[in-house]
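Summary of the model geometry
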Amino acid sequence: MAESLSRYLQRLVAFGEIKGGRPSSSNLVCSHQQFVDDAILLGSASVQEAKSFKSSLQLYIQASDQIVNWNKMSIFFINTPPLRHRRIADIIGYVVESFPSIYLGLLLGFSPPDSFWISIVDRFNKKLSGWKGALLSQARKLQLLKSSLQNVPVYALSLFKIPSKFVDAIENIQKIFLWSGVEDRKRIPFVAWEKVCIPKALGGLGLRVIKDFNNALLAKQG
């Protein structure tokens, strides 16, 4: 049903009832971001758009027979007159809050500093420290990369553009684990990393290209 809500919001954007927002340096229109049972809705600060969002959620409740916790709803404004804040908040009944704010453990309303991405790289290293990669077969290491290691930064990548230097850091961790299995012992790779990330059907191993995966997650937002 969450996918149905996503498609309905996309239709509202196509019909001009919701303007959504545009990520910096992108022509894509982003109307929403969903994660498990949470959602962020993006639009212009207009009465009509507020009504469209609220009616969309009401239709979702009727169609899915699920309950939306209105008491946990919040609304954020950017460069909007305070009088309009009050008018829109009265229509949809949300609590008005301000940025920066924490959403599912991440701060919203700012560009993450290097320390944010460093913490993600550290999480990769902690994952590796618990695995005895030198004792694992190549197939087992590949399975661990796909099932666990590559899932560590998914939520962050769905919200923020990752800097190139941290893409390189994460991919370097993956390379060392796949080819040597030991963090402080490097081996000459058997195959170029670009070929490793090619889909299996085309002769690769099917690992994700972090930069491409990041772009795909950001494009899926709306």
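One structure accompanies this document, and this report is about it. By convention here, each chain's residues receive numbers from 1 onward along its written sequence. Per-residue local features of the predicted model are confined to residues with pLDDT of at least 70, and side-chain atom pairs are confined, for both listing and counting, to 80 or more; whole-chain, interface and lining totals are unaffected and use all residues. To get the side-chain values, all heavy atoms of the structure are used, and hydrogens and water are removed first.

A few points about the overall build of the protein
When helices and strands are tallied, the protein shows nine helices and six strands. Here the protein holds 222 residues, and the buried ones make up 36% of them. Contact between two residues is taken to exist if any of their heavy atoms lie within 4.5 Å; hydrogens are not considered. In the protein, once contacts between residues fewer than 6 apart in sequence are set aside, the share between residues at least 24 apart is 59%. The Shrake-Rupley method, run with a 1.4 Å probe, gives the accessible areas here. Residue values count only the displayed protein chains as cover. With an accessible surface of roughly 13,700 Å², the protein has 55% of that area assigned to carbon and sulfur atoms. Numbering of helices and strands runs from the N terminus, with a helix taken as a DSSP run of H or I at least four residues long and a strand as a DSSP run of E at least two residues long. Throughout, exposure labels follow a simple rule: accessible area from a 1.4 Å probe, protein chains only, divided by the maximum for the residue type, with under 20% read as buried, over 50% as exposed, and the rest as partly exposed.

Concerning helix α2 (residues 47-64)
Expected span, for any helix, means 1.5 Å times one less than how many residues it has. Here α2 is 18 residues long and its end C-alpha atoms lie 26 Å apart, about the 26 Å a rise of 1.5 Å per residue gives. For α2, the set of buried residues is Val47, Glu49, Ala50, Ser52, Phe53, Ser56, Leu57, Tyr60 and Ser64. Check the buried side of α2 and you find it contacts α1 (2-14), β2 (38-41) and α3 (82-92). Looking at the residues trailing α2, positive phi occurs at Asp65, about 60 degrees.

So, the packing of aromatic side chains
Here a Phe, Tyr or Trp ring, Trp counted by its six-membered ring, pairs with any other such ring whose centre lies within 6.5 Å, and the pair is stacked when the planes are under 30 degrees apart, edge-to-face when over 60, and tilted otherwise. Under the criterion given, the structure shown has two aromatic pairs. For the pair Phe116 and Phe160, a centre-to-centre distance of 5.6 Å together with 85 degrees between the ring planes defines the contact as edge-to-face. With Phe116 in helix α4 (residues 114-129) and Phe160 in the loop between α6 (154-159) and α7 (164-179), this residue pair connects regions lying 44 residues apart in the sequence. Considered together, Phe116 and Phe160 belong to a single accessibility category, that of buried residues.

Side note on the nonpolar core
Grouped together as the largest cluster of nonpolar side chains are 34 residues, with contacts concentrated most on Trp117, Leu178 and Leu207. For this core, the secondary-structure elements that each account for two or more residues are α4, α5 (138-147), α6, α7, α8 (193-196) and α9 (210-219). By residue number, the principal contributor to this core is α7, which donates seven residues. By size, the runner-up hydrophobic cluster in this structure holds 13 residues, among which are Phe77, Ile88, Ile92 and Tyr94. Only buried residues count toward a nonpolar core, which is a set of Ala, Val, Leu, Ile, Met, Phe, Trp, Tyr and Cys residues joined through side-chain atoms within 4.5 Å.

Brief notes about the packing of α2 against α3
Remark: α2 packs on α3, axes separated minimally by 9 Å, with the N-to-C direction vectors making an angle of 25 degrees. For the element pair α2 / α3, the angle class is roughly parallel. Viewed along their axes, α2 and α3 form a crossing whose handedness is right-handed. Of α3, the residues touching α2 (which contributes Val47, Ala50, Lys51 and Lys54) are Arg87, Ile88, Ile91 and Ile92. For helices, the axis comes from a line fit to the C-alpha atoms of the stretch in contact; other axes are also lines fit to C-alpha atoms, and the angle between any two N-to-C directions lies between 0 and 180 degrees. Throughout this description, any angle smaller than 35 degrees is read as roughly parallel, any larger than 145 degrees as roughly antiparallel, any in the 65 to 115 degree range as roughly perpendicular, and the remainder as oblique. Take the far helix as your reference; a near helix turned counterclockwise from it by less than a right angle gives a left-handed crossing, and one turned clockwise gives a right-handed crossing.

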